[in-house]
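# An overview of the molecular structure
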Amino acid sequence: AQRVTQPEKLLSVFKGAPVELKCNYSYSGSPELFWYVQYSRQRLQLLLRHISRESIKGFTADLNKGETSFHLKKPFAQEEDSAMYYCALSPRERGNKLVFGAGTILRVKS
Amino acid sequence: NAGVTQTPKFRVLKTGQSMTLLCAQDMNHEYMYWYRQDPGMGLRLIHYSVGEGTTAKGEVPDGYNVSRLKKQNFLLGLESAAPSQTSVYFCASSYLKSGSSTDTQYFGPGTRLTVL
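Residues numbered from 1 in each chain as written. Chains lettered and ligands numbered in written order. Predicted model: local features only at pLDDT ≥ 70, side-chain atom pairs only at ≥ 80, totals over all residues. Heavy atoms only, no water.

## Thoughts on the overall build of chain A
The number of helices and strands found in chain A is zero helices and 11 strands. Traced from its N-terminal end to its C-terminal end, chain A shows the element sequence β-β-β-β-β-β-β-β-β-β-β. The C-alpha radius of gyration of chain A comes to 13 Å, within 12% of the 13 Å expected for a compact globule of 110 residues. Once the C-alpha set of chain A is aligned to its principal axes, its extents read approximately 45 × 30 × 25 Å. A separation threshold of at least 6 residues defines the contact pool for chain A, and within that pool the share at least 24 residues apart is 58%. Surface summary for chain A: the accessible area is close to 5700 Å², and the carbon and sulfur share equals 48%. Looking at chain A, you have 17 positive and 10 negative side-chain charges, and the mean spots of the two groups are 5 Å apart. (Helix = DSSP H or I, 4+ residues; strand = E, 2+ residues; numbered from the N terminus. Rg over C-alpha atoms; globule rule 2.2 N^0.38 Å. Contact = heavy atoms within 4.5 Å. Areas by Shrake-Rupley, 256 points an atom, 1.4 Å probe, with all protein chains shown as cover. Lys, Arg positive; Asp, Glu negative; His and termini not counted. Charge placed at Lys NZ, Arg CZ, Asp CG, Glu CD.)

## Observations regarding the interface of chain A and chain B
Taken together, the 20 residues of chain A in the interface contact 26 residues of chain B. Buried area between chain A and chain B, both sides added, is near 2000 Å², and the carbon and sulfur share of it is 50%. Counting across the interface, chain A meets chain B through eight residue pairs in polar contact (both at pLDDT 80 or more). With four residues, strand β5 (residues 32-38) of chain A is the single largest residue contributor to the side of chain A that touches chain B. Here the side of chain A that touches chain B is composed, by residue class, of nine nonpolar, five polar and six charged. (Buried area = accessible area lost by both parts, 1.4 Å probe. Polar contact = N/O pair within 3.5 Å; in protein donor to acceptor, adjacent residues only side chain to side chain. Nonpolar A, V, L, I, M, F, W, Y, C, P; charged D, E, K, R; others polar.)

## Some points on the state of the cysteines
Two cysteines joined by a covalent bond between their sulfur atoms form a disulfide. Per the counting criterion, the structure on display carries two disulfides over all chains. Note that Cys23 of chain A is cross-linked by a disulfide to Cys87 of chain A, the S-S spacing being 2.0 Å. Residues Cys23 of chain A and Cys87 of chain A share a disulfide whose torsion about the S-S bond is about -65°; that sign makes it left-handed. Here Cys87 of chain A lies in strand β9 (residues 83-90) and Cys23 of chain A lies in the loop between β3 (19-21) and β4 (24-26), a separation of 64 residues in the sequence. Note on cysteine connectivity: Cys23 of chain B is disulfide-linked to Cys91 of chain B, with sulfurs 1.9 Å apart. With the S-S dihedral at roughly -75°, the linkage between Cys23 of chain B and Cys91 of chain B falls on the left-handed side. Taken as a pair, Cys23 of chain B in strand β3 (residues 19-25) and Cys91 of chain B in strand β9 (residues 87-94) lie far apart in primary sequence, 68 residues in all. (Disulfide = S-S within 2.5 Å.)

## Some points on the sheet that holds β3 of chain B
Residues and elements named next belong to chain B. As summarised here, the arrangement of the four strands in space is β1-β3-β8-β7, forming an open sheet in which the pairing is antiparallel. Two strands in the sheet have a free side with no partner beyond their single neighbour: β1 (4-7) and β7 (65-67). Averaged over all adjacent pairs, the angle separating strand axes in this sheet is 20°, with direction ignored. Summarising the sheet, β3 and strand β8 (residues 73-78) pair through six bridges and their orientation is antiparallel. Looking at the pairing, Leu21 lines up with Leu76 of β8. (Pairing = 2+ DSSP bridges. Axes fitted to C-alpha atoms, helices over the stretch in contact; angles between N-to-C directions.)

## Concerning the pairing of β9 of chain A
Residue and element names in this part refer to chain A. Burial analysis of β9 places seven of its eight residues in the buried class, the great majority of the element. Sheet analysis places β5 next to β9, joined by seven bridges and oriented antiparallel. Pairing of Glu32 across the sheet is with Ser90, part of β9. Two elements, β9 and strand β11 (residues 104-109), share three bridges in a ladder whose sense is antiparallel. Across the sheet, Tyr85 pairs through a bridge with Thr104, a residue of β11. In this sheet, strand β10 (residues 99-100) lies alongside β9 in antiparallel orientation, the contact comprising two bridges. Across the sheet, residue Leu89 finds its bridge partner in β10, namely Val99. (Buried < 20%, exposed > 50% of the residue type's maximum accessible area, 1.4 Å probe, protein only.)

## Side note on the sheet that holds β3 of chain A
Sheet strands line up and pair through hydrogen bonds in the backbone, either parallel or antiparallel. Residue and element names in this part refer to chain A. Across the sheet, three strands lie side by side as β3-β8-β7; this open sheet has antiparallel pairing. Each edge of the open sheet carries a strand with a single partner, namely β3 and β7 (60-61). As paired strands, β7 and strand β8 (residues 72-74) are joined by two bridges and run antiparallel to one another. Within the sheet, the bridge partner assigned to Ala61 lies in β8 and is Leu72.

What follows is the structure in structure tokens.
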């Protein structure tokens, strides 16, 4: 079965502090991993995907197949990073289906 | 482009009533999805469609039906609403991408449904 686990419901950090949002997955095949973000009063949108290996808004995420993890990191948090973050897995099946984690609320305090 | 739109934005139903949620996209996407979002559970896939005239069950399909009569529209129906269906419903769409990678899903603004 495919499963995505985000162990923290809420992560609260101060502005300028490093951020790490944890994501672990279980899947027997070769998945694609994503981070989606939902800012207040905005739609859920893609933040980044592991195959792109890019940094978006200062965030990066590395797929660790050995630990089956895809943690989201940013060295210096900003107040505008406050949002709900979802880790998602695609089993690469027809239909582009995604399996989402429960989400982590990130609060960046000034 | 409006992207993905959902109608209505809010709705309150009594137990046993029926309703239809409408999702429309203007991006010519092949794939469309209906999710429900519940606290502590993230987004769970209800039904999805890989093209006009086709639908398939997702993770939590019971109590819901869907139809995709036109490529741009994906309807979600509740025949007899129950309090357990109180949730925020999101529609999404994505492009049919060749190869093995998964394309981005584009989400609508959501519909907040309360069943009393």
